[in-house]
Amino acid sequence: MKKANLIMLGAPGSGKGTRAVAICEVLGIVQVATGDLFRHNLKNNTELGKLAKSYMDKGELVPDDVTAAMVKDRLMQADTEKGFVLDGFPRTLKQAEMLDDMFKEMNREITAVVYLDVADEEIVKRISGRMVCEKCQAPYHKEYTPPKTEGVCDKCGGTLYTRDDDKPETVQKRLNVYRTTTLPLVDFYEKKNLIVKIPPELSSAGAVADMRELCKEIGLI
Ligand code: AMP
C-alpha cells in the first residue's frame, strides 16, 4: 500500500474541500487546508491572522513565504506522518517548488495530485450556495450537499455561515487569481506524472463512496 501524501488542485468552489474531507475519512488521514489554517488564525487574532486577512478580504493570495512557513509548521506535527491531504496548497509555482524542497527535507514524496476541472459559470453557482461550519469547518452546499437541518452542521452541531470572501465581487477576483497563478500547476504536476483527474460532479453514492473508489484506483487501499 502506498503512503497517501495527497494534494487537491482545483478552483475555489470546485469541491476540493468536500473531496479532501471524504478522502481523510476513507484513509484515516488528516486534512491540511491552508484557508482553514488562516481562518483559524484570524479567529484567534494572531499576527499571522491579521496579515492574512488583508489579502483574503481582497481575494488575493497571502505571500508565498508566509504560507509555506505555516504549511511546514503543520506538516511537522506527528498526526501527518500517516499521510495527509493538502487542500489549497500549493497555489503558485513558487509554492510548489517550496513544497518539493520541504518534502526533500522531510523525506516525503507526493503520492498524487487530485485535480478537479470545473467551468467558471459552474463555480460561481457552487460558491454562491456554499456554507461552512464555524466550529469544525465542514463544508456544505445549499443545493449539492445540504445539511440535514438547515443552518446546522451534521457533524458537530455548529452553526453554518457564508464566508466573507464568497461574495460575488471577491469570487470573481479569486477566480482570476486561480486562472493566472494556480492553473499552471496542472502542467507542473502533469510533467511529474502525478495528476489524477476526477469528475467535479458527485455520483449518487456521495463523496465518501466516490473517494473510496478513487483511493482504490490509485492503490491507496
Ligand atoms: P480557501 O479557503 O482555500 O479558498 O482560501 C481562502 C483564502 O486564503 C484565499 O483566497 C487566500 O487569500 C488565502 N490562501 C489559502 N491558501 C493559500 C495559499 N496556498 N497561498 C496563498 N494564499 C492562500
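Residues numbered from 1 in each chain as written. Predicted model: local features only at pLDDT ≥ 70, side-chain atom pairs only at ≥ 80, totals over all residues. Heavy atoms only, no water.

Brief notes about the pairing of strand β3 (residues 83-87)
Stated formally: Only protein chains enter the calculation, and the probe is 1.4 Å; a residue is then buried if its accessible area is under 20% of its type maximum, exposed if over 50%, and partly exposed in between. Strands here are runs of E lasting at least two residues and helices are runs of H or I lasting at least four, both read from the DSSP assignment and numbered beginning at the N terminus. Pairs of strands are assigned from DSSP output, requiring at least two bridges between the strands.
With five of five residues buried, β3 lies mostly within the body of the structure. Residues Gly83, Val85 and Asp87 point to one face of β3 and Phe84 and Leu86 to the other, with burial holding for every one of them. Pairing analysis gives five bridges linking strand β1 (residues 4-10) to β3, with the strands arranged parallel. Residue pairing across strands places Met8 opposite Asp87, the latter belonging to β3. Across four bridges, strand β2 (residues 30-33) lies against β3 in parallel orientation. The residue bridging Val32 from the neighbouring strand is Leu86, located in β3.

Quick word on helix α6 (residues 120-128)
Quick reminder: α-helices carry 3.6 residues per turn. Residues three or four places apart thus point the same way. Counted only if it meets this: The arc in question is the one spanned by the directions pointing from the helix axis to the C-beta atoms. Residue contacts are defined here by distance: any two heavy atoms, one from each residue, within 4.5 Å place the two residues in contact.
Restricting attention to buried positions, one finds in α6 the residues Ile123, Arg126 and Ile127. Looking straight down α6, one finds that the buried residues subtend no more than 95° of arc, so they occupy a single side. Facing away from the buried surface of α6 by more than 90 degrees, the exposed residues are Glu121 and Ser128. Check the buried side of α6 and you find it contacts β5 (130-133), β6 (139-141) and α7 (168-182).

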